[in-house]
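# Observations on the three-dimensional arrangement
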Amino acid sequence: MAGEISKFEEQEIMIPEGKLQMRIAGEGEPLLLLHGELGFPGWMKYHRTLSEQYRVMAPSHPGYDGSDRLDWAMHVSDLAGVYLQVLDDLELSGIKMVGFSMGGWLAAEMAAMDPGKFSKLVLVGPMGVKPEKGEIYDLFLNVATEFLEESFVDPNLVEEYGIIRPDEPSPEQEESWEVAREQSSRLAWKPFMYNPTLPYLLRRLKTLQTLIISGKQDSIVPLDSLRIYNESIPGSSLSLIDQSGHRPEIEKPEDFLKLVTNFLK
Amino acid sequence: MFIGHFTERPYQDPKSGYFGATGKSIKDLTVSNDIYDPILGSDLYNRYLDEKIYAEEMGFDGLMLNEHHSSPFCMGSAVNVEASILARITNRAKIVLLGNVLPIWDDPLWLVEQLATIDMISKGRLVSGWVRGTARESVSHNSPPAYNWERFQEAHDFIIKAWTEPGPFRWEGKHYQYRYVNPWVRPYQKPHPPIMLPGVVSRDSIIWAARQRIPYIMLATQLEPTRQSFEVYKETAIEEGYEAGPQNFGYLWKVHVDETEELAEEVARKFVQGPSNPFNAGNEGTANPALNKLPGMTSRRRTLPTAQVATANRGGQLSRSFEDQVSDHTIISGTPKTVIPKIRHVLEYLRPGSVFFWDGDGAMTHDDQMRSLRLMGEEVLPAVREIADELGLDSPFEVDPKTGKKFDAMESGSADEIAATPGD
């Protein structure tokens, strides 16, 4: 990973109660990538590929990685409001946005609050909606490494697995996971990883083109959650990637990138 | 010296195959209550209440109860119910709750009312204690661990206000909101029942206790880290402008007394058998690493010296061998003659004004407990009181933990009132 640091530029964006860590790479239309419950995963193949076509903006959410925690923010919708303010300040509109897992939930909240601000929305294995069948995997009752192991169909076949789940995680990596888990628990302990009103609020996304993606063998977020997302967002489509678990962007990057780049065109 | 009796009230069921070195694997939070036997459970609850009655008869000053949830090693999940019964069936001893798990209450007005009711029925014998609970408690009641400390502090402030200030009033806090606080039961003791803070791990908690001038009770930790942790309290006290003494400190540890040395050792070994210790060799228990890493539960950096030996599973001591625990006095057992000098060692080492003898636990039977209680009453407690007098170990009911001044130097009858004054 060290050799690829030069491929993005790191910025600090000031928000009222602290700073936001932002990574920027590439030229062209802005593409906002929102990470999941364990924080920024590292600069992965999908970041590199997408930054060949877009100006990729990959922040760490408040309370994750190098971004300051906002003590007042107790719900995912609070972070959504913060990000909308950031986008206002950056004078960005017509934005394309991809959210992963809990970041998918965050993206959905942002879109529901201000659908006109976005031109395309991709939700990848999004948490945030209570499934009628099955339950969202309890990542707070399992340690980070177990959660990551559970997120893939076959870790042995995943090229970038060692980046996000090192055999022997460094103390810095362990600490980063614990910081992220704590922040995620501040936002989504109860109800666990969903907002009961979100499906109703998503009906407003009438004109926002939305793609929902998941691994067909996702054992973290039940496919039923994605079904409800798909039924709640008018005109959305759902694509499942075979032989992939909860992290298709890492487990099947080619399939994932093909779907996403086609959709974002 | 204030001397209390404690047992965790384990769910002792050898036939379940889980407890008592039977080899059936246990991982914390994975034992289903499907095995719960209501007849056995009923007998055990009544047995533990009977033992408390006898502990009072034998001269104990305090009957201590604790609270854990969803776990066979402690049946005291509804601890206020047990305390309510003790309020009526005992007469003299203080009922010491160490303690109620404040942050897991979504509606702490219930706690205000229940505890005040216990104080009423017992005619002012309640000693309240607050804990943040283990991860198990937060999981069981689905209370957000990252807000555990904030909720602890806010619930405490709310309870004190509801006990002491005339209602109705409003409470618009971060975690608790009420528009009409006016409970129609108020504590017997004025301004409110005395408070103790038991703990093991959190540096924040012991500093908070020192700032509130609330006695801190260390729970079953090794002696040297306990002494070091007490220093944190003492240093905070100096910053706050007062000197902490024995009245500010308490210590709970395992003490069993029996008729012969042989019998004492045989029975004391039961401390590390049975449901009190599902993680010992033989039971093949496993700590649940996710519980140790429950997100945001305690500060990862701000722990106490005692935490290093206590977080391996449910308690560091408990995963140590019987011999190790005996060798450093975290288990004391013997006849009164051999036990008394060992207790003296602990008292000299830690200088606590309150002690709680943890007995009748693990795989110990009712008879084991009753023999020990009798011998304690006949020989040990009087000797311990003499030693404590000699060492100047005053309890928080003799010396005000806020000021370090003796109560009997003040107006007669005001001891409870002064002991109970919060140290804002």
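Structural notes, computed from the coordinates. The numbering scheme is per chain: residues are counted from 1 as the chain's sequence reads. The lettering of chains begins at A and the numbering of ligands begins at 1, in the order of writing. Two thresholds apply to this predicted model, a pLDDT of at least 70 for residue-level local features and 80 or more for giving and counting side-chain atom pairs, whereas whole-chain, interface and lining totals are computed over all residues.

Runs of H or I in DSSP of at least four residues are treated as helices and runs of E of at least two as strands, each being numbered from the N terminus. Along its length, chain A carries ten helices and eight strands. We compute the radius of gyration over the C-alpha atoms and compare it with the globule rule, which gives 2.2 Å times the number of residues raised to the power 0.38. Over its C-alpha trace chain A gives a radius of gyration of 17 Å, about what one expects of a compact globule, namely 18 Å for 265 residues. Taking the principal axes of the C-alpha coordinates as reference, chain A spans close to 45 × 40 × 35 Å. Counting every position in chain A, which comprises 265 residues, the buried fraction comes to 49%. By definition, residue pairs are in contact when their C-beta atoms, positioned from the backbone, come within 7 Å. For chain A, the share of sequence-separated contacts (at least 6 apart) that also reach a separation of at least 24 residues comes to 74%. Comment: burial labels come from other C-beta atoms within 10 Å of the residue's own C-beta, placed from the backbone, where a count of 20 or more is buried, 12 or fewer is exposed, and between is partly exposed.

Moving on: the nonpolar core. The term nonpolar core refers to a group of buried residues, namely Ala, Val, Leu, Ile, Met, Phe, Trp, Tyr and Cys, whose C-beta atoms join them within 7 Å. One finds Ile 95, Tyr 216 and Leu 252 of chain B to be the most contacted residues of the largest nonpolar core, which totals 89 residues. For Ile 95 of chain B, the residues in contact, after removing those within four places along its chain, are Leu 63, Ala 83, Leu 86, Ala 87, Ile 118, Ser 122, Arg 125, Leu 126 and Val 127 of chain B. Val 82, Leu 121, Leu 139 and Trp 189 of chain A belong to the second largest nonpolar core, which has 84 residues in total.

A few words on the interface of chain A and chain B. At the junction of the two partners, chain A supplies eleven residues and chain B supplies twelve residues. Note on residue classes: Ala, Val, Leu, Ile, Met, Phe, Trp, Tyr, Cys and Pro are nonpolar, Asp, Glu, Lys and Arg are charged, and everything else, Gly too, is polar. For the side of chain A that touches chain B, the per-class residue count stands at four nonpolar, two polar and five charged.

Residues and elements named next belong to chain A. Those residues of helix H8 (residues 223–232) that sit buried are Ser 225, Leu 226, Ile 228, Tyr 229 and Ser 232. When H8 is viewed along its axis, its buried side chains cluster within an angular range of 160 degrees and face the same direction. Contacts made by the buried residues of H8 are with strand E6 (118–124), helix H7 (198–201), strand E7 (209–215) and strand E8 (237–241). Here the arc refers to the set of directions running from the helix axis out to each C-beta atom.

Looking now at helix H2 (residues 79–89) of chain B. All names here are of chain B. All of the buried residues along H2 are Val 79, Asn 80, Glu 82, Ala 83 and Leu 86. The buried residues of H2 occupy an angular sector of 155 degrees when projected down its axis, which confines them to one face. Exposed residues pointing more than 90 degrees away from the buried face of H2 are listed as Arg 88 and Ile 89. Each element contacted by the buried residues of H2 is listed here: helix H1 (38–57), strand E3 (62–65), strand E4 (94–97), strand E5 (100–101) and helix H3 (109–121).

What follows deals with the sheet that holds strand E1 (residues 9–15) of chain A. All names here are of chain A. Whether two strands pair depends on DSSP finding at least two bridges between them. Here eight strands make up an open sheet; going across it, the order is E1-E2-E4-E3-E5-E6-E7-E8 and the pairing mixed. In this open sheet, the two edge strands, each paired with only one partner strand, are E1 and E8. Neighbour-to-neighbour, the strand axes of this sheet turn through a mean angle of 25 degrees, independent of strand direction. Only the stretch in contact is used when fitting a helix axis, every axis being a line fitted to C-alpha atoms; angles between N-to-C directions are given from 0 to 180 degrees. This element, helix H10 (residues 253–264), spans strand E5 (95–100), E6, E7 and E8 of the sheet and lies at about 160 degrees to E6.

Before going further, it helps to examine the pairing of strand E2 (residues 18–25) of chain A. Residues and elements named next belong to chain A. In this structure, E1 lies alongside E2, joined through seven bridges in antiparallel fashion. Bridged to Glu 12 within E2 is Gln 21. The antiparallel hairpin formed by E1 and E2 contains two residues in its connecting segment.

Residues and elements named next belong to chain B. The interhelical angle for the contact between helix H11 (residues 336–350) and helix H12 (residues 366–391), taken along N-to-C directions, is 30 degrees, at an axis separation of 10 Å. Helix-helix and strand crossings are classified by hand; for H11 and H12 the assignment is right-handed. On the side of H11, the interface is formed by Pro 336, Val 339, Ile 340, Ile 343, Arg 344, Leu 347 and Glu 348, while H12 contributes Leu 375, Glu 379, Val 380, Ala 383, Val 384, Ile 387, Ala 388 and Leu 391. Broken down by class, the residue content of the contact of H11 with H12 amounts to twelve nonpolar, no polar and three charged. Helix crossings get a hand from a simple test, with the near helix turned counterclockwise from the far one by less than a right angle marking a left-handed crossing and a clockwise turn marking a right-handed one.

This part is about the pairing of strand E11 (residues 249–257) of chain B. Looking down a regular strand, the side chains alternate between one sheet face and the other. Residue and element names in this part refer to chain B. For E11, a buried count of nine out of nine residues is recorded, marking the element as mostly surrounded by other parts of the structure. Neither face of E11 is left uncovered, since the one carrying Phe 249, Tyr 251, Trp 253, Val 255 and Val 257 and the one carrying Gly 250, Leu 252, Lys 254 and His 256 both have all their residues buried. In this sheet, E11 lies alongside strand E10 (residues 216–219) in parallel orientation, the contact comprising four bridges. Residue pairing across strands places Ile 217 opposite Gly 250, the latter belonging to E11. In this sheet, strand E14 (residues 354–358) lies alongside E11 in parallel orientation, the contact comprising five bridges. Residue Leu 252 lies in a different strand from E14, and its bridge partner there is Phe 356. With four bridges connecting them, E11 and strand E13 (residues 331–334) associate as parallel partners. In the sheet register, His 256 faces E13, and the bridge partner there is Ser 333.

Further remarks concern the environment of Ala 209 of chain B. Residues and elements named next belong to chain B. Relative to the elements of secondary structure, Ala 209 occurs in helix H6 (residues 203–212). Counting along the chain gives 14 residues from Ala 209 to Ile 195, while the straight-line C-alpha distance between them is 9.8 Å. Setting aside residues no more than four positions away along its own chain, Ala 209 makes contact with Leu 197, Ile 214, Tyr 216 and Tyr 233.

So, on to unusual backbone geometry. Following Lys 190 of chain A, the chain continues into Pro 191 of chain A via a peptide bond in cis, with omega recorded as -10 degrees. For Pro 191 of chain A, the position within the fold is in the loop between helix H6 (171–188) and H7. Geometrically, the link from Leu 98 of chain B to Gly 99 of chain B is a cis peptide bond, its omega value of -15 degrees lying close to zero. Here Gly 99 of chain B lies in the loop between E4 and E5. For Ser 101 of chain A, which is not a glycine, the phi torsion comes out positive at approximately 55 degrees. Mapping Ser 101 of chain A onto the fold places it in the loop between E5 and helix H3 (102–113). Non-glycine residue Met 193 of chain A carries a positive phi angle of around 65 degrees. Relative to the assigned elements, Met 193 of chain A resides in the loop between H6 and H7. Taking the number of C-beta atoms within 10 Å as the measure of exposure, Met 193 of chain A has 29 and is therefore buried.

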